[in-house]
Amino acid sequence: MKLNLLIRLMAGFFLLQSVISSAEEAQPLQADVVVEAQVQRLSEELRCLVCQNQTIADSHAELAQDLKQEIREMAAKGMSDQAIIDYLVARYGDFVRYRPPLKASTLLLWLGPFALMLAGAIGLVVMLRRREKMVADKPLTAVEARKVRELLDKDS
Amino acid sequence: MKRFLLPLIIFLVMVGFLAVGLHLDPREVPSPLVGKLAPAFDLPLLDQPEKTFSPKDMLGQVWLLNVWASWCGACREEHPLLVALSKAKLVPLYGMDYKDTRVEAQQWLNEGGNPYVANAMDIDGRVGIDYGVYGVPETYVIDKAGVIAYKQIGPITEQVLRNKIMPLVERLQAQ
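For clarity, every value in this text was computed on a predicted model and none was experimentally measured.

## Description of the overall build of chain B
Here is step 1 of the chain: Secondary structure summary: chain B contains five helices and seven strands in total.
Here is step 2 of the chain: The secondary structure elements of chain B, listed N-terminal to C-terminal, are α-β-β-β-α-β-α-β-α-β-β-α.
Here is step 3 of the chain: Rg of the C-alpha trace for chain B: 20 Å, well past the compact-globule value of 16 Å for 175 residues, more than 25% over.
Here is step 4 of the chain: With respect to the principal axes defined by its C-alpha atoms, chain B has extents near 80 × 35 × 30 Å.
Here is step 5 of the chain: Counting every position in chain B, which comprises 175 residues, the buried fraction comes to 34%.
Here is step 6 of the chain: Intrachain contacts of chain B at a sequence separation of at least 6 include 72% that bridge at least 24 residues.

## Structural notes on helix α2 (residues 62-76) of chain A
All names here are of chain A.
Here is step 1 of the chain: Taking 1.5 Å as the rise per residue, α2 with 15 residues should run 21 Å; its terminal C-alpha atoms sit 21 Å apart, in good agreement.
Here is step 2 of the chain: Listing the buried residues of α2 in full gives Leu63, Ala64, Leu67, Ile71 and Ala75. Within α2, the buried residues cover an arc of 110° as seen down the axis, which keeps them to one side.
Here is step 3 of the chain: After α2 finishes, the residue Gly78 shows a positive phi value of roughly 90°.

## Let's talk about the sheet that holds strand β4 (residues 93-98) of chain B
Residues and elements named next belong to chain B.
Here is step 1 of the chain: Strands sit in the order β5-β4-β3-β6-β7 across an open sheet of five strands; the sheet is mixed. The open sheet terminates on both sides in strands that have one partner only, identified here as β5 (119-122) and β7 (148-153). Each strand of the sheet is rotated relative to its neighbour by a mean of 20°, with strand direction disregarded.
Here is step 2 of the chain: Relative to strand β6 (residues 138-142), strand β3 (residues 63-68) is paired through five bridges, and the arrangement is antiparallel. Across the sheet, the residue bridging to Val67 is Glu138, located in β6.
Here is step 3 of the chain: Contacting β6 and β7, helix α5 (residues 158-174) runs over the sheet at an angle of about 165° to β7.

## Here we look at the pairing of β7(B)
Residues and elements named next belong to chain B.
Here is step 1 of the chain: Where β6 lies against β7, five bridges are found, and the strand directions are antiparallel. Of the residues in β7, the one forming a bridge with Val141 is Tyr150.
Here is step 2 of the chain: Hairpin connection between β6 and β7: a loop of five residues separates the two successive antiparallel strands, and Gly146 in this loop has a positive phi of roughly 85°.

## As for unusual backbone geometry
All names here are of chain B.
Here is step 1 of the chain: A cis amide bond links Val136 to the next residue, Pro137, at an omega of -5°.
Here is step 2 of the chain: Position of Pro137 among the secondary structure elements: in the loop between α4 (126-130) and β6.
Here is step 3 of the chain: Notably, Lys89 is not glycine yet its phi reads approximately 55°, a positive angle.
Here is step 4 of the chain: Mapped onto the fold, Lys89 is located in the loop between α2 (73-88) and β4.
Here is step 5 of the chain: Given 8 C-beta atoms within a 10 Å radius, Lys89 is considered exposed.
Here is step 6 of the chain: A positive phi angle is found at Lys99, which is not glycine, with a value near 50°.
Here is step 7 of the chain: Within the element layout of this structure, Lys99 appears in the loop between β4 and α3 (102-112).

## So, the nonpolar core
Here is step 1 of the chain: With 46 residues, the main nonpolar core has B:Leu65, B:Val67, B:Tyr98, B:Val136, B:Tyr140 and B:Ile142 as its most contacted residues.
Here is step 2 of the chain: Once residues within four sequence positions are removed from consideration, B:Leu65 is found in contact with B:Tyr94, B:Met96, B:Thr139, B:Tyr140 and B:Ile142.

## What about the pairing of β3(B)?
Residue and element names in this part refer to chain B.
Here is step 1 of the chain: β3 sits mainly inside the fold: six of its six residues count as buried.
Here is step 2 of the chain: Residue alternation in β3 divides its side chains into two sets, Trp63, Leu65 and Val67 and Leu64, Asn66 and Trp68, and both sets are buried.
Here is step 3 of the chain: As paired strands, β3 and β4 are joined by five bridges and run parallel to one another. Across the sheet, the residue bridging to Leu64 is Leu93, located in β4.
Here is step 4 of the chain: For the crossover that starts at β3, traverses α2 and ends in the parallel β4, the hand is right-handed.

## A short note on the environment of B:Phe53
Residues and elements named next belong to chain B.
Here is step 1 of the chain: Structurally, the position occupied by Phe53 is in strand β2 (residues 52-53).
Here is step 2 of the chain: Note on Phe53: 23 C-beta atoms within 10 Å, which makes it buried.
Here is step 3 of the chain: When the C-alpha positions of Phe53 and Phe41 are compared, they lie 7.8 Å apart, and in sequence the two are twelve residues distant.
Here is step 4 of the chain: The residues touching Phe53, leaving out its near neighbours within four places in the chain, are Leu43, Leu45, Tyr94, Ala118 and Ala120.

## Re the interface of chain A and chain B
Here is step 1 of the chain: The interface is formed by 13 residues belonging to chain A together with eleven residues belonging to chain B.
Here is step 2 of the chain: Across the side of chain A that touches chain B, the residue classes tally to eight nonpolar, two polar and three charged.

## Re the confidence of the model for chain B
For any part of a model where pLDDT is low, the fine detail of the predicted coordinates should not be relied upon.
Here is step 1 of the chain: Here chain B shows a mean pLDDT of 91. Residues at 70 or above account for 97%.
Here is step 2 of the chain: Across the interface, the model reports ipTM at 0.73; the global pTM reads 0.71.

## Thoughts on the environment of B:Ala38
Here is step 1 of the chain: As for its position among the elements, B:Ala38 is in the loop between α1 (2-22) and β1 (43-44).
Here is step 2 of the chain: Apart from residues no more than four positions distant in its own chain, B:Ala38 is found in contact with B:Pro55, B:Tyr140, B:Ile142, B:Gly146 and B:Ile148.

Cut-offs applied
- Residues numbered from 1 in each chain as written.
- Chains lettered and ligands numbered in written order.
- Predicted model: local features only at pLDDT ≥ 70, side-chain atom pairs only at ≥ 80, totals over all residues.
- Helix = DSSP H or I, 4+ residues; strand = E, 2+ residues; numbered from the N terminus.
- Rg over C-alpha atoms; globule rule 2.2 N^0.38 Å.
- Buried ≥ 20, exposed ≤ 12 C-beta atoms within 10 Å, placed from the backbone.
- Contact = placed C-beta atoms within 7 Å.
- Expected span 1.5 Å × (residues − 1).
- Arc of directions from axis to C-beta.
- Pairing = 2+ DSSP bridges.
- Axes fitted to C-alpha atoms, helices over the stretch in contact; angles between N-to-C directions.
- Core = buried A, V, L, I, M, F, W, Y, C linked by C-beta atoms within 7 Å.
- Right-handed = clockwise from strand over helix to strand, strands pointing away.
- Nonpolar A, V, L, I, M, F, W, Y, C, P; charged D, E, K, R; others polar.
- pLDDT = per-residue confidence, 0-100.

In structure tokens form, the structure reads like this:
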């Protein structure tokens, strides 16, 4: 009986220990999830300079893999999104960002489409006004009136 | 005739934009590193792994840093030009062997000739990231104060060497 109890105690002890140790191992795993989420979020914001029209997340180029690793290490050190983006912009320029920042050199890029739309709208209004004027009632000149009469007479 | 004037102007502006666009290379991204200190590193040499090379060893001299690799096809294109440049002894040329192995790099230099004073081994590409390397070969002109004066992305051509790099080197050396 005593032996049985001992075995049970020991089994319980080992079970408990395995639970404790697995709980300890889960700690870094939890941190990894946060880091991985940050890596994923940043990878979708950054351009792969080798393939240019892909984000680092989409690209399988070696440089993209290296950059992802670099981002992962910075994220693991607890750097913020902005700090990591700044780090890469300092090396690769604004082009590394998939969403270019709004500044003097990118003003045309940001405002160009709206300027074009505005120009189109103004053009449309001007054209419609002009056309309106053309169809507006205007008395016929004597020559025009005679021509109209001639044409109508010819038909009948 | 007047009503054709506006479309003509718009057409000419478009032609202007497209003509400029044709001559731009989308792979040439302006480097934010130009005008800044060359990032520090301390990397082992290709032929003497126990020794290292660092940009601060070059302070007081104008020098070129050429990033290359034995796996890089375009490096093969510019290599004869680099060999000729090193023979002219106008400016010291250092290499950074990017994500390469010693054996392959050494073999490559044995075949094509070695234009470099020394080669730093950036085996994992870490220093490459600091230098914003994304398309080997890349070449940096670094001045006496250790500031990057120019960055060539892609292979050096005779034209680039004659019209851009050498005049710049001479100007920097005179400073």
